[in-house]
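Each chain is listed here by its residues.
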Amino acid sequence: FVYWPVRHACIDTEAASLSVQIENMIQIWEFGIKQILGVVADVHLRKSMGVVLLIPDQFQRRDIIVMSEIILNHLNFGRLMLLQESVSATVALGIS
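Residues numbered from 1 in each chain as written. Predicted model: local features only at pLDDT ≥ 70, side-chain atom pairs only at ≥ 80, totals over all residues. Heavy atoms only, no water.

Colleague: Tell me about the pattern of salt bridges, residues and numbers included.
Modeller: For the structure shown, the criterion picks out four salt bridges. Between Arg 7 and Asp 12 there is a salt bridge, and its shortest N-O distance comes to 3.5 Å. Among the charged side chains, a salt-bridge network with shared partners connects Glu 30, Lys 34 and Arg 46. (Salt bridge = Lys/Arg side-chain N within 4 Å of Asp/Glu carboxyl O.)

Written out as structure tokens, the structure is:
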């Protein structure tokens, strides 16, 4: 059974433990990466790819670190760029 891992801009540790929620995020992201994006689970291929993680402004630092570790260590991507929502909205408007 998969719990909804993120609620109210943080990893929901009230519904399940942090380790269970990490496993839930891995399952959800793995499904999306394989089934929707069509990226195979080949470690060498993924190590050559990068991920842009768009983070809501109110996310806690601990949760950002957890998601970064999932992307780099469990999903085996080679690079990660973190981008805050407000920054991306500003760049999209051309106000930078």
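Still to come is the rest of the account.
Colleague: Let's hear about the side chain of Gln 21: which residues, and what values?
Modeller: Here Gln 21 is to be found in helix α1 (residues 18-36). Assessed through its relative accessible area of 0%, Gln 21 is described here as buried. In this structure the side chain of Gln 21 is engaged in a polar contact, spanning 2.7 Å, whose partner is the side chain of Asn 24. With sequence-adjacent residues up to four places away left out, Gln 21 is seen in contact with Tyr 3, Trp 4, Pro 5, Ile 11, Asp 12, Ala 15 and Ala 16. (Helix = DSSP H or I, 4+ residues; strand = E, 2+ residues; numbered from the N terminus. Buried < 20%, exposed > 50% of the residue type's maximum accessible area, 1.4 Å probe, protein only. Polar contact = N/O pair within 3.5 Å; in protein donor to acceptor, adjacent residues only side chain to side chain. Contact = heavy atoms within 4.5 Å.)

Colleague: An account of the nonpolar core is needed here, citing residue identities and associated values.
Modeller: Counting residues in hydrophobic clusters, the biggest one holds 18 residues, and the most contacted among them are Met 25, Phe 59, Val 66, Ile 70, Ile 71, Leu 75 and Phe 77. Secondary structure elements with two or more residues in this core: α1, β3 (50-55) and α3 (61-74). The leading source of residues in this core is α3, at five residues. When residues no more than four places from it in sequence are discounted, the contact partners of Val 66 are Ile 11, Ile 22 and Met 25. (Core = buried A, V, L, I, M, F, W, Y, C linked by side-chain atoms within 4.5 Å.)

Colleague: Outline unusual backbone geometry, supporting the account with residue identities and numerical values.
Modeller: Backbone geometry places His 8, a non-glycine residue, at a positive phi of 55°. The residue His 8 is located in the loop between β1 (6-7) and β2 (10-11) in this model. Residue class for His 8 comes out exposed when judged on its relative accessible area of 78%. For Asn 76, which is not glycine, the phi torsion reads 65° and is therefore positive. Note on placement: Asn 76 falls in the loop between α3 and β4 (79-84).

Colleague: Please give an account of the side chain of Glu 30 that cites residues and values.
Modeller: Considering the arrangement of structural elements, one finds Glu 30 in helix α1. Glu 30 gets classed as buried once you look at its relative accessible area, which sits at 17%. Setting aside its immediate chain neighbours within four residues, Glu 30 contacts Arg 46 and Leu 75.

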